[in-house]
Amino acid sequence: MAVGAADQVMVEVQNLTKYYGNFMAIEDVSFTVRRGDILGFLGPNGSGKTTTMRIATGYLPPTSGTVRIAGYDIQTQSLEARRRIGYLPETVPLYTDMTVEDYLEFMGTLRGMPKQRLRQRINEVIDIVKIHEYRSTHIGKLSKGYRQRTGLAQAILHEPEVLILDEPTIGIDPIQVVETRQLIRELGKEHTIILSTHILPEVSMVCNRVVIIHEGRVVAEDTPANLAERLKGTERIELEVRGPAREVMPLLRSLRGVMDVRRLGEGEPGTYIVESRRGADLREQIAQAIVSKGWGLLKLNPASISLEEIFLRLTVQEEEGG
Amino acid sequence: MRNTLAIAWKETKSYFGSPMAYVIGAVFLALTGYFFVSSISRPFAEATIRGWLLPATFFFVFWAPALTMRLFAEEQKLGTLELLLTAPVHDWEVVLGKFLASVAILVGTLSLTLYYVLLLFWFGDPDVGPLLSGYLGLLLYGSASLAIGLFASSLTSNQIVAAVVGSGLLLLMTLADQAAQIVGGIASRVLEQISLTAHFADFARGVIDTHNVVYYILVTVFVLFLTERNLDSRRWR
């Protein structure tokens, strides 16, 4: 893989929907991650983070929608896509009867690394995650923090272009949490990272972009700084418009006081979420604008859940994490 | 192929890293040894391995699932299956690698029984033909049993359940020819063809019939294919 442009799209998630039987786990999840991004995938427990990650890594198929890793479809060009992913699932997958070194050698071989390079690289990653003194220890005897590091070592072993980390700081002690975050920031210099978490401060410490997911839907996508700004107070209005999406979006954006407009799904009539500063009631203004264009306004109401409400369900304090 | 061998090698090492390989080898030797001794210690006994061949095949009903029970069940329990299935590896490479590791243990165990053959040559004058066909038969029979055990292991994250299901399936396949004698007509013919035991008799007598060889290979390949499908189906649930 040649060195791509800095803004090259590395992960493209489009309209992912997943049902387990009749239970909807995620619906219409879309986001993109560019080269060099550390994307925080933030949501309360049970919001669909793990499902999204499992689909993105090819472990589960989506009910509908696509994921592309560096341009390769995870379903139809699965092996090519999988070669480019380093994955650390939420429950760190380790063979407890193997030594750290043997485990890394096995994983490296499966990723098709040449033997010489693998030897050298094992030393490097053991260096990076700082597990020298345990390299010939059986994994079953390691403490939780060191297991986490071993899992991380496995994920970065083959120098993947995309790193997918599912709750990488869960269940390890506070000092190790700090170290792990430091490490992820370091890794972010060379890898594109998606990191899921339910801990709000983690995102602002580590990530440069955030996607917030709640009850299986993406409710916001922004930088941590902007998000903090929006957290101070926003009003969200949900509307359903029968009209050309290409024109509706710019119109809504052009209205005074509107901070963000997003479209939910591809359906017709389209559903839009309009975000504005708290206290600014834009409903009349929006209705007028749409009706004057001759489009059909089918629904207009305050969105059911505000960002604040979601944040309340996130872990906002360090101590509660894990 | 490299992936298959890497997985096979890892599993084989893991067998020897735990007491499993030793226990399972020792038990096999103890049982076959008993039948071997009792078959040759009679007066005018023949210098053959036939005495322990049939008991050995019946013993596979429990032996094979005990060997294969952890291969997939443990991966599911540890969560490592997620890693294995998201690595750039085909599902069939995973299945084949694990199967080969269990076959390696089978071959290792069978090679220990060559000690019996040495004794036969030392004290008697055995026919080489039935020895070769007997071992070929055991290898084929054992491989089919291991494939069935592996399939059972892919169904669950509980090793005990995997062993019980594997033994149950093998017992059905082993006793199918008994059932064939009870029912009549076409069902009887079908059951006889399915039976693992019915196809073994020729090998024990020293006859290598292509029909029987093909049967065991087909069963093995088909069950491994089912295992691969089952792994894949987890993605569609």
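Counting restarts for each chain, with residues numbered from 1 along the sequence as it is written. Labels are handed out in written order, letters beginning with A for the chains and numbers beginning with 1 for the ligands. Only residues with pLDDT of at least 70 get local features here, since the model is predicted, and only at 80 or more are side-chain atom pairs given and counted; chain-wide, interface and lining totals rely on the full set of residues.

### As for the domain arrangement of chain A
Residues and elements named next belong to chain A. Where each domain starts and ends comes from a domain assignment, either automatic or drawn from a database. Domain annotation of chain A identifies domain 1 (9-84 + 160-222) and domain 2 (234-309). Here the C-alpha centre of domain 2 lies 28 Å away from the C-alpha centre of domain 1. Its residues assigned to classes, the side of domain 1 that touches domain 2 comprises two nonpolar, two polar and one charged. Asp, Glu, Lys and Arg are counted as charged, while Ala, Val, Leu, Ile, Met, Phe, Trp, Tyr, Cys and Pro are counted as nonpolar; the rest, among them Gly, fall into the polar class.

### Topic: the environment of Arg 34 of chain A
All names here are of chain A. A run of H or I in DSSP becomes a helix once it reaches four residues, and a run of E becomes a strand once it reaches two; helices and strands are each numbered from the N terminus. If you trace the backbone, Arg 34 turns up in strand β2 (residues 23-34). For Arg 34, a count of 18 C-beta atoms within 10 Å translates into the label partly exposed. Residues are treated as contacting if the C-beta atoms built from their backbones sit within 7 Å of each other. Those residues in contact with Arg 34, other than ones at most four positions away along the chain, are Asp 7, Gln 8, Val 9 and Met 10. Any residue whose C-beta has 12 or fewer other C-beta atoms within 10 Å is treated as exposed, any with 20 or more as buried, and any in between as partly exposed, C-beta atoms being built from the backbone.

### A look at the environment of Asp 173 of chain A
All names here are of chain A. By secondary structure assignment, the location of Asp 173 is in the loop between β7 (162-166) and α6 (174-187). With 12 C-beta atoms packed within 10 Å, Asp 173 lands in the exposed category. The spatial distance from the C-alpha of Asp 173 to the C-alpha of Met 107 is 26 Å, given a sequence separation of 66 residues.

### Some words on the pairing of strand β1 (residues 9-20) of chain A
Residues and elements named next belong to chain A. Pairing between strands is defined by DSSP: at least two bridges between them are needed. Pairing of β1 with β2 involves eight bridges; the strand directions are antiparallel. Following the sheet pairing, Tyr 19 is matched in β2 by Met 24. Between β1 and β2, which pair antiparallel one after the other, the connecting turn spans two residues, and Gly 21 there sits at a positive phi close to 65°. As judged from the five bridges shared by β1 and strand β4 (residues 64-69), these two strands associate in the antiparallel manner. Bridged to Glu 12 within β4 is Arg 68.

### Let's talk about the nonpolar core
Nonpolar core, as used here: buried Ala, Val, Leu, Ile, Met, Phe, Trp, Tyr and Cys residues forming one set through C-beta atoms within 7 Å. Judged by nonpolar contacts, the single largest core of 125 residues is most densely connected at Leu 39, Ala 153, Ile 164, Ile 193 and Leu 195 of chain A together with Ala 147 of chain B. Per element, the largest residue contribution to this core is twelve residues, and it comes from helix α3 (residues 50-78) of chain B. Those residues in contact with Ala 153 of chain A that lie beyond four places of it in its chain are Leu 104, Val 125, Ile 126, Val 129 and Ile 131 of chain A. Listed in part, the eleven residues of the second largest apolar core include Leu 239, Leu 252, Val 274 and Leu 282 of chain A.

### Let's talk about the sheet that holds strand β12 (residues 258-264) of chain A
Residue and element names in this part refer to chain A. Here we have four strands laid out as an open sheet, ordered β12-β13-β11-β14, and antiparallel in their pairing. At either margin of the open sheet sits one strand with a lone partner, and together these are β12 and β14 (296-302). Direction aside, neighbouring strands of the sheet carry axes that sit 20° apart on average. Pairing geometry for strand β11 (residues 234-242) and strand β13 (residues 270-277), over eight bridges, is antiparallel. By the bridge assignment for β13, Thr 234 is matched with Arg 277. For helices, the axis comes from a line fit to the C-alpha atoms of the stretch in contact; other axes are also lines fit to C-alpha atoms, and the angle between any two N-to-C directions lies between 0 and 180 degrees. Its contacts with the sheet place helix α9 (residues 245-254) against β11, β12 and β13, and it is angled at close to 160° to β12. Along the sheet face, helix α10 (residues 283-292) touches β11, β13 and β14 and points at about 170° away from the line of β14.

### Thoughts on the interface of chain A and chain B
On the side of chain B, 18 residues touch chain A, which itself brings 22 residues to the contact. Looking at the side of chain A that touches chain B residue by residue, the class counts come to twelve nonpolar, six polar and four charged.

### Observations concerning unusual backbone geometry
Residue and element names in this part refer to chain A. The backbone of Asp 28 shows a phi angle near 55°, a positive value even though the residue is not glycine. Mapped onto the secondary structure, Asp 28 falls in strand β2. Taking the C-beta count within 10 Å as the criterion, Asp 28 has 18 such neighbours and is therefore assigned partly exposed. Positive phi, close to 50°, is recorded for Glu 215, a residue that is not glycine.

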